[in-house]
Amino acid sequence: MQALFPDETVRFTAGLLSLGQVGNRHFWFVADSLDGRDLLITTTLLKGSARKKRYPDQRYGYAGDRLDARLLHFEKSEGRLLITLPGQRERVVAASFDVAATAEGGGWIAIDELLNDEHSFFGLDGFSMELGIGKYLPEGSALKEIRTFPNSVVVRFAKGYMSENFIPDPGVGPEPTRWEYGVSLRLLDRLPMRGREEDPRVGYFTVGAAGAEPLSDPRRYVTRWRLEPKPEDRERYLRGELVEPAKPIVFYIENSTPYRWRKYIKQGIEDWQVAFERAGFKNAIIAKDITDSMTVDMDDVNYSVLTYAASTKANAMGPSILDPRSGEILEADIMWWHNVLSMVSE
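Cut-offs applied
Residues numbered from 1 in each chain as written. Predicted model: local features only at pLDDT ≥ 70, side-chain atom pairs only at ≥ 80, totals over all residues. Heavy atoms only, no water. Helix = DSSP H or I, 4+ residues; strand = E, 2+ residues; numbered from the N terminus. Buried < 20%, exposed > 50% of the residue type's maximum accessible area, 1.4 Å probe, protein only. 1 Å grid on protein atoms, 1.4 Å probe; cavity = no way out; pocket = protein on both sides within 12 Å on 5 of 7 lines; lining within 4 Å. Points joined across faces, edges and corners; volume = space filled by probe spheres on them. Nonpolar A, V, L, I, M, F, W, Y, C, P; charged D, E, K, R; others polar. Polar contact = N/O pair within 3.5 Å; in protein donor to acceptor, adjacent residues only side chain to side chain. Contact = heavy atoms within 4.5 Å. Pairing = 2+ DSSP bridges. Axes fitted to C-alpha atoms, helices over the stretch in contact; angles between N-to-C directions.

K.L.:
Before we go on, may I ask you to explain unusual backbone geometry in this structure?
P.N.:
In terms of backbone geometry, most residues other than glycine have negative phi values and most peptide bonds are trans. Here Glu 78, not a glycine, exhibits a phi torsion of approximately 50 degrees, which is positive. As for its position among the elements, Glu 78 is in the loop between β5 (66–77) and β6 (80–85). Even without being glycine, Asn 283 reaches a positive phi, approximately 50 degrees. Of note, Asn 283 is situated in the loop between α5 (273–277) and β16 (285–289). Note on Asn 283: relative accessible area 33%, which makes it partly exposed.

K.L.:
What is the right way to look at empty space enclosed by the protein in this model?
P.N.:
The probe, sized like a water molecule, is rolled over the atoms to show the empty space still left. Under the defined criterion, the tally for this structure stands at 1 cavity of 30 Å³ or more. In this structure, the largest cavity occupies an estimated 30 Å³ of space. Lining of the largest cavity is provided by Ile 41, Thr 43, Asp 68, Arg 70, Phe 121 and Phe 127. Going through the elements one at a time, β4 (39–47) and β5 are the ones with two or more residues in the lining of the largest cavity. In terms of residue class, the lining of the largest cavity is made up of 3 nonpolar, 1 polar and 2 charged.

K.L.:
Explanation requested: the layout of surface pockets in the structure shown.
P.N.:
Considering only enclosed or pocket space, the largest pocket measures out at about 1,100 Å³ in volume. In terms of lining, the largest pocket is formed by 29 residues, of which the most central are Thr 223, Arg 224, Trp 225, Phe 276 and Ile 329. A breakdown of the residues in the lining of the largest pocket according to their chemical character gives 20 nonpolar, 4 polar and 5 charged. Here the second largest pocket is characterised by a volume of approximately 400 Å³.

K.L.:
Mind showing me how you'd approach the side chain of Thr 44 here?
P.N.:
Within the fold, Thr 44 resides in strand β4. Among the polar contacts made by the side chain of Thr 44, one reaches the side chain of Arg 66 at a distance of 2.3 Å.

K.L.:
For this particular structure, what's the right way to read the side chain of Ser 18?
P.N.:
Residue position: Ser 18 is located in strand β2 (residues 18–22). In this structure the side chain of Ser 18 is engaged in a polar contact, spanning 3.2 Å, whose partner is the backbone nitrogen of Gly 15. With residues near it in sequence (within four places) discarded, Ser 18 still touches Phe 12, Thr 13, Phe 27, Trp 28, Phe 29 and Trp 108.

K.L.:
It is not clear to me how the sheet that holds strand β18 (residues 316–317) should be interpreted in this structure. Could you clarify?
P.N.:
Hydrogen bonds between backbone groups are what pair the strands of a sheet, and the pairing can be parallel or antiparallel. Taking strand neighbours across the sheet as the criterion, the 5 strands line up as β16-β15-β17-β21-β18 in an open arrangement whose pairing is mixed. Lying at the two open borders of the sheet, with one neighbouring strand each, are β16 and β18. Pairing analysis gives 3 bridges linking strand β15 (residues 249–253) to strand β17 (residues 304–309), with the strands arranged parallel. Bridge pairing links Ile 253 to Leu 306 in β17. Contacts between helix α4 (residues 259–270) and the sheet are confined to β15, β16, β17 and β21 (334–337), with β16 contributing the most and set at about 165 degrees to the helix.

Below is the structure:
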């Protein structure tokens, strides 16, 4: 990388997609080992925009909202590097790159054009209906940061858009809005968890098999956490003894949650431990506060987060990020709107 810019300072950060930064230019090192691997890309709002009027039934627009999740691949083709999305009939090429420089084990690609493309999976154009946004306002919009970890990458933006009412309301005109959001890429395990196909006689949440065409391949997998005993506890588990899972379910209480309710929320989450004991696991689900010494970000799909929204909506929701190859729940989020408390009092 330094050989490309011998007279400039190159800042380097190692990770899943190692980052090279030269001034305002950004490059990713795509390792050969990622060729054809499954990655999951998700978009999460970090700060919603203030609005003159927010409709009570408006579902999206708050910090913590998870907008989308899909699979993508890096592939090599005729000297170029492609980002492809698996389709039901054939893969879709979402981006194509010249390899700016090669190095042992992979190559560098310039990513600024992709990150600045509002129509790519790094923009919000695909969520205009859900967010009530229209024309993109480049003034004041910016790439905020790129963070890379061993199995994931998070790219954060602050962007402006003119609002657009998709529900006719003569009393509400267009206004500028500003959003902060993160796009996360996570490398999936090479071998997915064994999927459990749905049985229509039992009501489970399910997900369609990745890349499958519903009419010709109607397989759907039950969505479930990957709770497995530790290798040293496997025999005890098979004998029917309670054991702790190798990887417990952990929900982090986001810092916007009012302190007065946190202990009750944690208790409500951990009350589910009794249910998991019927499956042979103790301490299978845990709630934790986010402390100043911890790095837990709601846009990082390695963490499940409970988020509070100061909304008049009397409801809550719990979307999850799934591995569509198996139905494994990789991460789940709980969003509760303030007025859900009115349902409790009623």
